[in-house]
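Read off the chains here:
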Amino acid sequence: MMKNITPSQLAGAAGQWLIFAKDKVLVEAGTTSIPHKPWQELDFLHHYASEVRVLPPLVATTQGAALPVYLIDIGAENIEQPKWEAVPLRTILMAGSDDAFSIAGRAWQYIHFLRTHRFCGQCGAVTEQVDWEMAVHCHDCHHRSYPRISPCIIVAIYHQDSILLAKSVRHKNVNLYSTLAGFVESGETLEHAVHREVMEEVGVKIKNLSYFGSQPWPFPHSLMAGYLAEYESGDIVIDDNEIIDAKWFKLSDLPPTPPTLSIAGQLIEAVIKRK
Ligand SMILES: [Zn+2]
């Protein structure tokens, strides 16, 4: 559920503001945190007053329902405002706070959903936002659409005192090694997807899967299901469409890896702690 806000509510609105411009977020220049302001101080956004939405709080944030979160999507419009700048969503997510990660990630998935569901997928009519649940509705054919969530698996493979890490094509210019990950296909179980992805990407067999935990990943709407798995057999043969390099690293001598804010970083940490 995500409601638009009334003018009187807006006049007194003070909280965190997530202002999306294309795939970036507006922040005060030189900062990487979600702006916290009263509406009065955001004059340059006042012509968006009718489009401000409230993001319903998530129970899971570490500070509870601390601050209201307001959303504005300015789309492709360019706002040249002194002391403000647009930064990539990833910068906000990785700025270091679990709450910022959760709020910005969720907000982006809502905005992305609304941007991509302006028309009915069944009959092509203009859709309307439902005000009591997070959905859009077609009044012509009654088709209703909800935000898409795409399940992915992510897996850390260990063998004695080593871990198998890979460098993906997306990181070809960065020295960063991470766990393997991939989308779950229609009709697959999560576990089947883990075995298949590992075989496809690095050509090895694994065993003793254990579920680790999950994390929403807003690029643009994944839900990562994390697993630990033990190596069973086979030599590494990489799929070079997805991976540039994959190898075994001693846990005592790891390359640069993702931060523990991401589930990839948490999985690697879990393998280290296992030892
Ligand atoms: Zn329709």
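Residues numbered from 1 in each chain as written. Predicted model: local features only at pLDDT ≥ 70, side-chain atom pairs only at ≥ 80, totals over all residues. Heavy atoms only, no water.

Novice: Please explain the domain arrangement of the protein chain as it appears in this structure.
Specialist: Reports of interface size often rely on the accessible area that becomes lost once the parts have come together. Domain annotation of the protein chain identifies domain 1 (3–117) and domain 2 (150–273). The partner domain 2 presents 10 residues to the 12 residues of domain 1 that form the contact. Each partner contributes to the roughly 990 Å² buried at the junction of domain 1 and domain 2, and carbon and sulfur atoms together form 72% of this total. For domain 1, the biggest contributors to the area lost against domain 2 are Arg 90, Phe 101 and Gln 109; these three give 49% of the whole. The tally of links from domain 1 across to domain 2 stands at zero salt bridges. (Domains from an automatic or database assignment. Contact = heavy atoms within 4.5 Å. Buried area = accessible area lost by both parts, 1.4 Å probe. Salt bridge = Lys/Arg side-chain N within 4 Å of Asp/Glu carboxyl O.)

Novice: What is the right way to look at the pairing of strand β12 (residues 162–168) in this model?
Specialist: Both faces of the sheet carry side chains from a regular strand, because those side chains alternate between them. Burial within β12 is extensive, with seven of its seven residues counted as buried. Side chains Ser 162, Leu 164, Ala 166 and Ser 168 project from β12 onto one buried face, and the interleaved Ile 163, Leu 165 and Lys 167 project onto a second face that is buried too. Direction of pairing for strand β11 (residues 150–159) relative to β12: antiparallel, over a ladder of three bridges. Residue pairing in the sheet places His 159 in a bridge with Ser 162 of β12. The antiparallel pairing of β11 with β12 creates a hairpin that spans two residues between the two strands, and Gln 160 there sits at a positive phi of about 50°. Where β12 meets strand β16 (residues 243–250), seven bridges bridge the pair, whose relative direction is antiparallel. Residue pairing in the sheet places Ser 162 in a bridge with Lys 250 of β16. (Buried < 20%, exposed > 50% of the residue type's maximum accessible area, 1.4 Å probe, protein only. Helix = DSSP H or I, 4+ residues; strand = E, 2+ residues; numbered from the N terminus. Pairing = 2+ DSSP bridges.)

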